[in-house]
Amino acid sequence: MCRVRRREASDLDGCVGVLAEVHDHDGYPVNWPARPGEWLTQPSLIAAWVAELNGRLVGHIGLSRSSQGDVAPVLWSRRDDVPVGQTAVISRLFVSPSARGHGVGALLMARAAREAQEGGLHPVLDVVASDVSAAALYERLGWSLLGTVDQQWSPTQTVTVHCYAAPVRSDTH
């Protein structure tokens, strides 16, 4: 059984371990962070959650305020003619390769999107274009492609990313 709960400080080492598995298996993140624990707790973080499958930590997701350089909030803002500040960025989503196929990613996405929406924010995200399985998940969940852009991550690295926005909720409560 899969359970999603708010991430606690004591979960960080386990999250870094799962992130290392994902990096070895899938190459995510593209650039391994020098301090992965800090990478998971970026300053703009609103909240983060972990997923446990049969009591074992198997996944992670974060929800952050938009920061300089985030393209998805800008694209959504332009498309819907609303301030960038009305977005929240879903980030740092990863699921252990051994736990895939159990709906863990979808449960984490639902939890983060719900938190954003309950806070009056519209969830957006970006994903490297080469991560076709993540893009397929977002599209299965009804997220819409806002655009595809090239981002300069360093003087020698340009990466193509797809930017997505969550479906607009039809309820008003």
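Residues numbered from 1 in each chain as written. Predicted model: local features only at pLDDT ≥ 70, side-chain atom pairs only at ≥ 80, totals over all residues. Heavy atoms only, no water.

A.B. asks: Would you take a moment to explain the side chain of H122 for this structure?
C.D. replies: Here H122 is to be found in strand β5 (residues 122-128). Polar side-chain contacts of H122 include one of 2.8 Å to the backbone oxygen of A166. (Helix = DSSP H or I, 4+ residues; strand = E, 2+ residues; numbered from the N terminus. Polar contact = N/O pair within 3.5 Å; in protein donor to acceptor, adjacent residues only side chain to side chain.)

A.B. asks: Help me understand the sheet that holds strand β4 (residues 87-95) in this model?
C.D. replies: Sheet strands line up and pair through hydrogen bonds in the backbone, either parallel or antiparallel. Across the sheet, seven strands lie side by side as β1-β2-β3-β4-β5-β7-β6; this open sheet has mixed pairing. One side of each edge strand has no neighbouring strand; the edge strands of this open sheet are β1 (2-6) and β6 (144-154). In this sheet, neighbouring strand axes are inclined to one another by 30° on average, regardless of whether the strands run parallel or antiparallel. Summarising the sheet, β5 and strand β7 (residues 157-165) pair through five bridges and their orientation is antiparallel. In the strand pairing of β7, V124 is matched with A165. Where helix α3 (residues 72-80) meets the sheet, it contacts β4, β5, β6 and β7, and its direction lies at approximately 145° from that of β6. (Pairing = 2+ DSSP bridges. Axes fitted to C-alpha atoms, helices over the stretch in contact; angles between N-to-C directions. Contact = heavy atoms within 4.5 Å.)

A.B. asks: Where do I start with the pattern of salt bridges in this structure?
C.D. replies: Side chains that differ in sign of charge can pair as their charged atoms come close. Within the structure shown, the criterion is met by eight salt bridges. Notably, a salt bridge pairs R5 with D11, separated by 2.7 Å at the nearest N-O pair. In this structure, R5 and D11 share a single accessibility class: buried. Between E115 and R6 there is a salt bridge; the shortest N-O distance is 3.4 Å. On the criterion of sequence distance, the pair formed by E115 in helix α4 (residues 104-118) and R6 in strand β1 is long-range, its members being 109 residues apart. If you follow the salt bridges from partner to partner, you end up with R3, R5, D11 and E52 in one network. (Salt bridge = Lys/Arg side-chain N within 4 Å of Asp/Glu carboxyl O. Buried < 20%, exposed > 50% of the residue type's maximum accessible area, 1.4 Å probe, protein only.)

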